Amino acid sequence: TLPAIDCSRGFRASEASAASAVLRMCGFAVLQHALSQAHVAQLAEAYARHEPTLAVADLRDGRKEQLLPFVPPFTDDSLLHSPVWTEVAAEYLGAAELALDALTAVLAPLHSPAQALHRDVHAGPAAVLSVQIPLVDLPRGGGGALVLQPASHIAPEVECDATALPPPVEMGMTTGSA
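The following refers to the structure shown. Here the structure is a predicted model, which means the values were calculated and not measured.

## Some remarks on the pattern of salt bridges
A full pass over the atoms with the stated rule returns three salt bridges. For Glu45, the salt bridge goes to Arg49, with nearest N and O atoms at 2.6 Å. Taken together, the positions of Glu45 and Arg49, both in helix H2 (residues 37–50) and four residues apart, correspond to about one turn of that helix. Since its relative accessible area comes to 45%, Glu45 is described here as partly exposed. Residues Asp58 and Lys64 are paired through a salt bridge, measuring 2.4 Å at the closest nitrogen-oxygen approach. Judged by relative accessible area, Lys64 falls into the partly exposed class, the value being 33%.

Below, the structure written as structure tokens:
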């Protein structure tokens, strides 16, 4: 079992340090209750309103991705600059400033096939960090909806050699976690 950090009672420097340490070790960290249910409902409602107009791109293995518009609530300060991820990202990346690359929706149907091993997080000077927030529960056993590969972020190639890494972990995540 991987450690998950519970953010429901606030987020302090100690949680940021713990999350950053887990991120350095595993390549991912689970932050439970990163957003309130009310905040998630607001994002889900806005997504439903914009979804018919969003372009859809095929990602891999039955998954699709949509670029979200840079409009509220997707651009609200409470989402983009929440200390829950900005403090973790700053400590992990060793950066005083962070740059947002994109806001997207990833559509990963339950029981979709397992994806080829790939990295969403890159270590080193050109580091990239992805924050994924489910707007619906992602149950464990969802057939590849969320399988994480510990230590893939430090593999020398983008397409990782799974035989050289610890076994993958299928995660379940509740709505509003990150």
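## Observations regarding the side chain of Ser20
Within the fold, Ser20 resides in helix H1 (residues 13–26). Judged by relative accessible area, which is 0%, Ser20 ranks as buried. Those residues in contact with Ser20, other than ones at most four positions away along the chain, are Val88, Glu91 and Tyr92.

## Focus: H1
In this model, H1 (14 residues) spans 20 Å end to end at C-alpha, consistent with the 20 Å of a helix rising 1.5 Å per residue. Where H1 is buried, its residues touch strand E1 (4–6), strand E2 (30–32) and helix H4 (83–93). Positioned one or two residues after H1, Gly27 has a phi angle of 95°, which is positive.

## Regarding the packing of H1 against H4
Two numbers describe how H1 lies on H4: the axes approach to 8 Å, and their chain directions differ by 50°. Here H1 is positioned oblique relative to H4, judged by the angle of their axes. Seen along the crossing, H1 lies across H4 with a hand that is right-handed. Across the interface between the two elements, Ala13, Ala16, Ser17, Ala19, Ser20, Leu23 and Arg24 of H1 pack against Glu87, Val88, Glu91 and Tyr92 of H4.

## Overview of unusual backbone geometry
Omega for the peptide link from Pro72 to Pro73 comes to 5°, which places this bond in the cis form. In this structure, Pro73 sits in the loop between strand E4 (64–67) and helix H3 (77–80). Even without being glycine, His33 reaches a positive phi, approximately 60°. For His33, the location among the structural elements is in the loop between E2 and H2.

What counts and what doesn't
Residues numbered from 1 in each chain as written. Predicted model: local features only at pLDDT ≥ 70, side-chain atom pairs only at ≥ 80, totals over all residues. Heavy atoms only, no water. Salt bridge = Lys/Arg side-chain N within 4 Å of Asp/Glu carboxyl O. Helix = DSSP H or I, 4+ residues; strand = E, 2+ residues; numbered from the N terminus. Buried < 20%, exposed > 50% of the residue type's maximum accessible area, 1.4 Å probe, protein only. Contact = heavy atoms within 4.5 Å. Expected span 1.5 Å × (residues − 1). Axes fitted to C-alpha atoms, helices over the stretch in contact; angles between N-to-C directions. Parallel < 35°, antiparallel > 145°, perpendicular 65-115°, else oblique. Left-handed = near helix turned anticlockwise from the far one by under 90°.

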